[in-house]
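Each chain, written out:
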Amino acid sequence: MASFKRVNPPLLMIFGFALIILLGAVLLALPGAAAGGENISFLDALFTSASAVSVTGLTVIDTGSSYSLFGQIIILVLIQLGGLGFTTFAVSTAVLLGKKIGLKQRLLIRESTHAISNAGMVRLSLAVLLITTVVEGVATVILAVRWYGELGWKSVYYALFHSISSFNNAGISLWPDNLLRYMGDPVVNLDISGLFIIGGIGFMVIIDLYIKRDWTHLSLNSKISLTTSLLLCAAGFFFVYFLESFNPDTLGGLSTGQKMWAAYFQGVAPRSSGLSTIDITHMLAATQLVIIILMFIGSSSGSTGGGIKTGTFAILVLSFIAIIRGKTEVSVFRRTVTADLILRALAVILSSMMVVLIATLLLAFTEHTMQGDFLDVLFEVVSAFGTVGLSLGLTVKLSVWGKIVIILTMFIGRLGPLTMAFALAQRSIKPSVRYAEEKIMIG
């Protein structure tokens, strides 16, 4: 018991997520979880569970037709647990039941939400639960009203499922064509995109916005997250609209209004949501490459999304600008970024690139990829790592080993490669001797 208490919070998070994924796989493999007459293998159930908990959205079988109502509810619970973080959810429940929260639980909340300090962790977990309930509740009502004419009272369940899936950036839909049928629908486009954008900016940013309500008083983290997210969304819209407007298989044959809505939704979705309103398999290779870049960057820290995070990307860009301008320090919004944060950002980017490259190499080998199909493999891996869920069609064709590679990639992407490295590494010791500095040639 004593040795268990000494386990660091990141390692406990790894064990916790792994346990939830395994439990979810067992439940989804039960006969009652499958739609009438279906036989879902344990590997496919494990894949679905890992995709739901990591809020990715990649699926090897169709969710709406392959799983029963029981199975879909299990997936929904797994998505909610994965998006909020099992620790935040458990602590919030314990507080509501009047239980006492110890230091270990507070450290776990800090790790899962990427909070700066340990202060106010219980209030933070309750705030996260409240934000989630309010946002998902309002979105569910709007979608239920919109879909009532098509689905009747069934619209309430569909609205709830897609609201939870969207806010947690899971990207799992009950329709086999995703959201292609609502390509030009303003209500669905704004509601769904609003959910995954809010979920993707991070709970700490939302709370900071609510408390401060003034740009000048926001924290540097909030300013960078909001600014970078806005620029990336604008860039996504710009590239999708102007590249695909000449593609007759996607936006080329649409009206101006439909083009705008489709380009908007597909431009912001790659940040971490796997939902789509146009068939991305028919996109130009140039557009697919832009989507890969957006998926790799992902959403903000402490959010329901994945990727290397907007803050990490912003620090990289700011460091580059500082270097070409001859500055020795990185500063933004009248604040200086410390050297340790720059090193951490570089470590995150390098470790993430290593994960993507290794997973791409393994998947290219397991799936016997030919030269012309390499972009499909890279797209699938980055989608899994960024917990996005967009696919060019490779997921449903994966071999057994290919599924295992993607499962591990989704798992690492949800936790973060650097978090896993810290969890598995020995505790760092500050060196007692500092050696003399010497320069090396760069570039």
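This text follows the structure it describes.
Residues numbered from 1 in each chain as written. Predicted model: local features only at pLDDT ≥ 70, side-chain atom pairs only at ≥ 80, totals over all residues. Heavy atoms only, no water.

Asker: Is there a simple way to explain the overall build of the chain in this structure?
Answerer: Counting secondary structure elements, the chain contains 19 helices and 2 strands. Counting all 443 residues of the chain, 53% fall into the buried class. Taking as baseline every contact in the chain between residues at least 6 positions apart, the subset at least 24 positions apart corresponds to 70%. Working note: accessible area of the chain is about 21700 Å², and carbon and sulfur atoms make up 69% of it. (Helix = DSSP H or I, 4+ residues; strand = E, 2+ residues; numbered from the N terminus. Buried < 20%, exposed > 50% of the residue type's maximum accessible area, 1.4 Å probe, protein only. Contact = heavy atoms within 4.5 Å. Areas by Shrake-Rupley, 256 points an atom, 1.4 Å probe, with all protein chains shown as cover.)

Asker: Explanation requested: a nonpolar patch on the surface in the structure shown.
Answerer: A contiguous nonpolar surface patch, about 420 Å² in accessible area, is contributed by Leu130, Val134, Val138, Ile142 and Val187. Of all the elements, helix α8 (residues 121-151) adds the most residues to the nonpolar patch, at 4 residues. Structurally, Val138 can be placed in helix α8. (Patch = residues over 30% accessible without salt bridge, like charges linked within 9 Å, V, L, I, M, F, W, Y side chains within 5 Å. Salt bridge = Lys/Arg side-chain N within 4 Å of Asp/Glu carboxyl O.)

Asker: Can you walk me through the environment of Phe333 in this structure?
Answerer: Position of Phe333 relative to the elements: it lies in the loop between β1 (330-332) and β2 (335-337). Classification of Phe333 by relative accessible area gives partly exposed; the value is 34%. Considering only alpha carbons, one finds Phe333 and Lys223, 110 residues apart in sequence, at a separation of 8.1 Å. The contacts of Phe333, once residues within four sequence positions are left out, are Trp215, Leu220, Lys223, Ile224 and Thr227.

Asker: Honestly, the environment of Ile164 in this entry has me stumped. Any pointers?
Answerer: Of note, Ile164 is situated in helix α9 (residues 154-167). Under the relative-accessibility criterion, Ile164 is labelled buried at 8%. Between the C-alpha atom of Ile164 and that of Leu76, which follows or precedes it by 88 residues, the distance is 7.3 Å. Setting aside residues no more than four positions away along its own chain, Ile164 makes contact with Leu76, Ile79, Gln80 and Glu136.

Asker: What is the right way to look at the pattern of salt bridges in this model?
Answerer: Any two side chains of opposite charge can pair, so long as their charged atoms come close to each other. Evaluated as defined, the whole model comprises 5 salt bridges. The salt bridge involving Glu150 is made with Arg146; its shortest N-O contact spans 2.9 Å. Taken as a pair, Glu150 and Arg146 lie in helix α8 at a separation of 4 residues, close to a single helical turn. Given a relative accessible area of 44%, Glu150 falls into the partly exposed group. Given the relative accessible area of 26%, Arg146 is considered partly exposed. When salt bridges that share partners are traced, they join Arg146, Glu150 and Asp185 into one network.

Asker: I keep staring at the layout of surface pockets and nothing clicks. Help me out?
Answerer: Any space left empty among the atoms is revealed by the rolling of a water-sized probe across them. Taken as a whole, the second largest pocket holds about 560 Å³ of empty space. Lining the second largest pocket are 27 residues, with Thr59, Pro176, Asn178, Gly389 and Ser391 positioned closest to its centre. Classifying every residue of the lining of the second largest pocket by side-chain character gives 11 nonpolar, 13 polar and 3 charged. (1 Å grid on protein atoms, 1.4 Å probe; cavity = no way out; pocket = protein on both sides within 12 Å on 5 of 7 lines; lining within 4 Å. Points joined across faces, edges and corners; volume = space filled by probe spheres on them. Nonpolar A, V, L, I, M, F, W, Y, C, P; charged D, E, K, R; others polar.)

Asker: How should empty space enclosed by the protein be read in this particular structure?
Answerer: For the structure on display, the rule yields 2 cavities of 30 Å³ or more. Put simply, the largest cavity is a space of about 80 Å³. Surrounding the largest cavity, 13 residues form its lining, Phe196, Ile197, Gly200, Val268 and Arg271 being those nearest its centre. At the level of secondary structure, the elements contributing two or more residues to the lining of the largest cavity comprise α10 (186-201) and α12 (220-244).

Asker: How should I be thinking about the packing of helix α15 (residues 310-324) against helix α16 (residues 339-366) in this particular structure?
Answerer: If you want to describe how two helices pack, look at the angle between their axes and the distance between the axes. Packing of α15 against α16 leaves a shortest axis separation of 9 Å and a crossing angle of 115°. By the criterion of interaxial angle, the relationship of α15 to α16 is roughly perpendicular. Crossing of α15 against α16: the hand is left-handed. Touching Thr312, Ile315, Leu316 and Ser319 of α15 are Leu341, Ile342, Ala345, Leu346, Val348 and Ile349, all from α16. Residues of the contact of α15 with α16, tallied by class, amount to 8 nonpolar, 2 polar and no charged. (Axes fitted to C-alpha atoms, helices over the stretch in contact; angles between N-to-C directions. Parallel < 35°, antiparallel > 145°, perpendicular 65-115°, else oblique. Left-handed = near helix turned anticlockwise from the far one by under 90°.)

Asker: Explain the side chain of Glu136 here, please?
Answerer: Secondary-structure assignment places Glu136 in helix α8. Buried Glu136, no salt bridge; nearest opposite-charge side chain is Arg414, N-O distance 12 Å. Of note is the side chain of Glu136, whose polar atom sits 3.2 Å from the side chain of Gln80. When residues no more than four places from it in sequence are discounted, the contact partners of Glu136 are Gln80, Ser163, Ile164, Phe167 and Asn168. (Lys, Arg positive; Asp, Glu negative; His and termini not counted. Polar contact = N/O pair within 3.5 Å; in protein donor to acceptor, adjacent residues only side chain to side chain.)

Asker: Could you clarify how one ought to interpret unusual backbone geometry in this entry?
Answerer: Only a minority of non-glycine residues have a phi that is not negative, and only a minority of peptide bonds are not trans. Despite not being glycine, Asn169 has its phi angle at roughly 55°, a positive value. Following the sequence through the fold, Asn169 ends up in the loop between α9 and α10.

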